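Read off the chains here:
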Amino acid sequence: MANVIVVGSQFGDEGKAKITDLLAKNADVVVRYQGGCNAGHTVTLGDKTYKFHLIPSGILYPGTICVLSPGMVIDPKALITEIEHILSQGLDDSGLRVSAHAHVTMPYHLMLDEAEEESRGEAKIGTTKRGIGPTYADKCARSGIRLEDLLDAKVLQAKLDWLLPRKNIILERLYNLPPLNAQAILEEYAAYGRALSKYVVDTAAIIFKAVQEKKNILFEGAQGTLLDLDHGTYPYVTSSSPSAGGACVGAGVGPTMIDRVIGVAKAYSTRVGEGPFPTEQTGEIGEQLRQTGTAWAEVGTTTGRPRRCGWFDCVLGRYAVRVNGLDCLAITKLDVLDQFDQIKVCVAYKDPVTGQIYNELPSIGSAFQHLEPIYEDLPGWRQSTRKCRQAKELPNLANSYLEFLSRELDVPIAVVSVGPERGDTIVIEDPIHGPKRVLVTGPAKVSQ
Ligand code: GDP
Ligand code: IMO
Ligand code: MG
């Protein structure tokens, strides 16, 4: 029995779904704990590629209970479309469970996400325009509609009677957009409620029962640590808590029930949307990392936007190890580095004005914006790693690269992914039961 959190350690799209899929083989329950259909999670099985937005990747294993937690925001239309899609692919929805307490993305949330982004001009966040921010904002303002409200037309009507006139004032007066019709929304969303009612339950109770029965539970993070509302590069973040602590809050499980936290990171870095990205490469190297034309090209799974690409950043990596309390790492997309003679890794930042060196992320976000990366050059291995299935089959220089990252981040690397398919994986140590990070005590090294 083990309850394990899989968390993105960079800016999202680290390959969390591929690692979740690897671990879900032995899981009884797979849980999405935050975010919504802003996520795009890809799993490749032979010639089939599955892209999940709301449904946990564990759905690929028949019989696995797949939970959408209270901490998620759910666009019911998108969920119904995704369920129809998985059924059309021959997958089974009998394990799907959706929390009655998850918040619903309404049409005005979608309109406001778009309008707010546009009004920000140059300062836009680059959201996925899935209504995520406005849905979480209403949740915090206690004006949200929860999935359970869609199951009772009278409750939904009462909420809309209060909400919609207020939303329409914002839509019309602030953004010059057409007002929404309460009756049309009531009918449409009550119908979504009827369609989803068979999945709607108290998911926290299901998870607790699974804990009592000593089942294996896997928590599948969406987005990544640097996109975390509290711990990411605010305001260029999403509106939920992707980091490991968010799993307990979002799913409704106590921290004492978690056995392990596994971080997922690419062997380099990507970011989609706006915001600081110190190791970004905009020229030829960025293009080489992007792998345009391949099935695993760095193009957003949800929005189709090209991802910004750059070298691995150990400062951010150390931060992710700390904020999530990572026990070990899974490094993905090592194969993408097969092509390089030289590989750069950012080991620290330098303030170009004062000359101050930062080994850790500065606590003031604005200070971070103008810091420059200090790189270490590592030799590339210039041979394919795609067919390697054990660490000893990897080129020596590839192993040296992984050892370098592990040393810099002070965390063991348990899994290495060398291709998108389930089998393109090297398990160095059992990520769930193998060695975990030992926290070194002593004088704090965290810089201010
Ligand atoms: P997630 O959001 O963290 O689950 O990641 P995405 O699915 O958005 O993006 C990861 C992309 O990389 C997908 O296209 C995966 O199929 C692909 N991928 C995952 N691991 C590997 C790997 O080791 N090598 C290669 N070439 N592609 C990979
Ligand atoms: P997965 O789960 C990468 C980014 C957006 C934007 C910011 C805020 O596939 O890793 P939002 O729509 O959430 O308000 O956008 O967060 N973003 C992601 N980037 N992967 C994701 O999900 C993301 N979900 C949101 O691009 O910068
Ligand atoms: Mg993704």
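Residues numbered from 1 in each chain as written. Chains lettered and ligands numbered in written order. Predicted model: local features only at pLDDT ≥ 70, side-chain atom pairs only at ≥ 80, totals over all residues. Heavy atoms only, no water.

Novice: Would you explain the overall build of the protein in this entry?
Specialist: In terms of helices and strands, the protein carries 13 helices and 20 strands. Computed over its C-alpha atoms, the radius of gyration of the protein comes to 22 Å, within 12% of the 22 Å expected for a compact globule of 448 residues. Summarising its shape, the C-alpha atoms of the protein cover approximately 65 × 50 × 45 Å along the three principal directions. Counting only residues that meet the buried cut, the protein has 55% of its 448 residues in that class. Within the protein, contacts between residues at least 6 apart in sequence are counted, and of these 76% link residues at least 24 apart. Each charge sign in the protein was given a centre, from 47 positive and 53 negative side chains, and these centres are 2 Å apart. (Helix = DSSP H or I, 4+ residues; strand = E, 2+ residues; numbered from the N terminus. Rg over C-alpha atoms; globule rule 2.2 N^0.38 Å. Buried < 20%, exposed > 50% of the residue type's maximum accessible area, 1.4 Å probe, protein only. Contact = heavy atoms within 4.5 Å. Lys, Arg positive; Asp, Glu negative; His and termini not counted. Charge placed at Lys NZ, Arg CZ, Asp CG, Glu CD.)

Novice: Would you explain the site of ligand 1 in this entry?
Specialist: For ligand 1, the set of nearby residues contains 20 residues, the closest of which are K16, G40, T42, D335 and S417. Between ligand 1 and the protein, one listed contact pairs an oxygen atom with a backbone N or O atom of K16 at 2.8 Å. A distance of 2.5 Å is found between an oxygen atom of ligand 1 and a side-chain nitrogen or oxygen belonging to S417. Those elements that place two or more of their residues in the shell around ligand 1 are α1 (16–24) and β3 (41–45). Of the residues contributing to the shell around ligand 1, the split by class is four nonpolar, nine polar and seven charged. (Near = heavy atom within 4 Å. Polar contact = N/O pair within 3.5 Å; in protein donor to acceptor, adjacent residues only side chain to side chain. Nonpolar A, V, L, I, M, F, W, Y, C, P; charged D, E, K, R; others polar.)

Novice: Whenever I open this one, the coordination of the magnesium ion (ligand 3) confuses me. Can you help?
Specialist: Each pair of donors in an ideal octahedron of six around a metal sits at 90 or 180 degrees, and each pair in an ideal tetrahedron of four sits at 109.5 degrees. Taken together, D13 (OD) and G40 (O) make up the protein donors of the magnesium ion (ligand 3), found 2.0 to 2.1 Å from the metal. Taken together, the residues span a long stretch of sequence, with D13 in the loop between β1 (3–8) and α1 and G40 in the loop between β2 (29–32) and β3 at a distance of 27 residues. Side by side, D13 and G40 carry an identical accessibility label, which is buried. (Donors = N, O, S within 2.8 Å, 3.2 Å for Na, K, Ca; no water.)

Novice: Would you explain the domain arrangement of the protein in this entry?
Specialist: One frequent convention defines the size of an interface as the accessible area lost when the parts assemble. If you check the domain split of the protein, you get domain 1 (3–71 + 205–427) and domain 2 (103–196). The C-alpha-based centres of domain 1 and domain 2 are spaced at 31 Å. At the junction of the two partners, domain 1 supplies 18 residues and domain 2 supplies twelve residues. Between domain 1 and domain 2, the buried area comes to about 1100 Å², and carbon and sulfur atoms account for 53% of it. (Domains from an automatic or database assignment. Buried area = accessible area lost by both parts, 1.4 Å probe.)

Novice: Just checking my understanding: could you explain the packing of aromatic side chains for this structure?
Specialist: Working definition: an aromatic ring pair is given by the centre-to-centre distance plus the angle between the planes. This model, assessed by the stated rule, comprises six aromatic pairs. Measuring from ring centre to ring centre gives 4.9 Å for Y189 and Y192, while their planes differ by 85°; the resulting arrangement is edge-to-face. Taken together, the residues Y189 and Y192, both in helix α7 (residues 182–196) and three residues apart, mark about one turn of the helix. Classification of Y189 as buried rests on a relative accessible area of 3%. Among the residues examined, Y192 registers a relative accessible area of 13% and is labelled buried. Taking 5.3 Å as the distance between ring centres and 65° as the angle between the ring planes, the aromatic pair formed by W311 and F340 counts as edge-to-face. (Phe/Tyr/Trp six-rings, centres within 6.5 Å; stacked < 30°, edge-to-face > 60°.)

Novice: Any chance you could explain the site of ligand 2 here in plain terms?
Specialist: Near ligand 2 lie 20 residues; those nearest to it are D13, K16, H41, T128 and T238. At a separation of 2.8 Å, an oxygen atom of ligand 2 approaches a polar backbone atom of D13. The contact in question runs from an oxygen atom of ligand 2 to an N or O atom on the side chain of R305, over 2.9 Å. Computed on the free molecule, ligand 2 has an accessible area of 550 Å², of which 98% lies beneath the protein chains in the complex. Among the residues forming the shell around ligand 2, the class breakdown is seven nonpolar, ten polar and three charged. Inspection of the shell around ligand 2 shows a minimum of three residues originating in each of domain 1 (3–71 + 205–427) and domain 2 (103–196). (Areas by Shrake-Rupley, 256 points an atom, 1.4 Å probe, with all protein chains shown as cover.)

Novice: Please clarify how the packing of helix α3 (residues 107–120) against helix α6 (residues 153–174) should be interpreted in this entry.
Specialist: Helix packing for two helices is described by the angle between their axes and how far apart those axes are. One way to put it is that α3 packs onto α6 with a least axis distance of 11 Å and a crossing angle of 20°. Taken together, the axis directions place α3 and α6 in an arrangement best described as roughly parallel. α3 and α6 meet at a crossing whose hand is left-handed. Two secondary-structure elements touch here, α3 through Y108, M111 and L112 and α6 through L163, L164, K167, I170 and L171. Residue composition of the contact of α3 with α6, grouped by class: seven nonpolar, no polar and one charged. (Axes fitted to C-alpha atoms, helices over the stretch in contact; angles between N-to-C directions. Parallel < 35°, antiparallel > 145°, perpendicular 65-115°, else oblique. Left-handed = near helix turned anticlockwise from the far one by under 90°.)

Novice: For this particular structure, what's the right way to read the nonpolar core?
Specialist: Nonpolar side chains in soluble globular proteins tend to be buried together. Counting residues in each nonpolar core, the largest one holds 53 residues, and the members touching the most others are F219, L334, L337 and Y401. Top element by residues in this core is helix α13 (residues 396–409). It accounts for six residues. Setting aside chain neighbours within four positions, we find L337 in contact with A267, Y268, L289, W311, I343, W381 and Y401. In this structure, A102, L150, L186 and L196 belong to the second largest nonpolar core, which totals 41 residues. (Core = buried A, V, L, I, M, F, W, Y, C linked by side-chain atoms within 4.5 Å.)

Novice: Please explain the packing of helix α11 (residues 314–324) against α13 as it appears in this structure.
Specialist: In the contact formed by α11 and α13, the axes pass within 9 Å of each other and the chain directions differ by 60°. Relative to α13, the element α11 lies oblique. By crossing handedness, the relation of α11 to α13 is classed as right-handed. Across the interface between the two elements, C314, G317, R318 and V321 from α11 touch L405, E408 and L409 from α13. Considering only residue class, the contact of α11 with α13 consists of four nonpolar, one polar and two charged.

Novice: Could you clarify how one ought to interpret α13 in this entry?
Specialist: Taking 1.5 Å per residue, 14 residues should reach 20 Å; α13 reaches 20 Å between its end C-alpha atoms and fits that length. Among all positions of α13, only A398, N399, Y401, L402, F404, L405, S406 and L409 are buried. Here the buried face of α13 lies against β14 (312–313), α11, β15 (328–332), β16 (342–350), β18 (372–379) and β19 (413–417). Two residues or fewer past α13, D410 is found with a positive phi of approximately 55°. (Expected span 1.5 Å × (residues − 1).)

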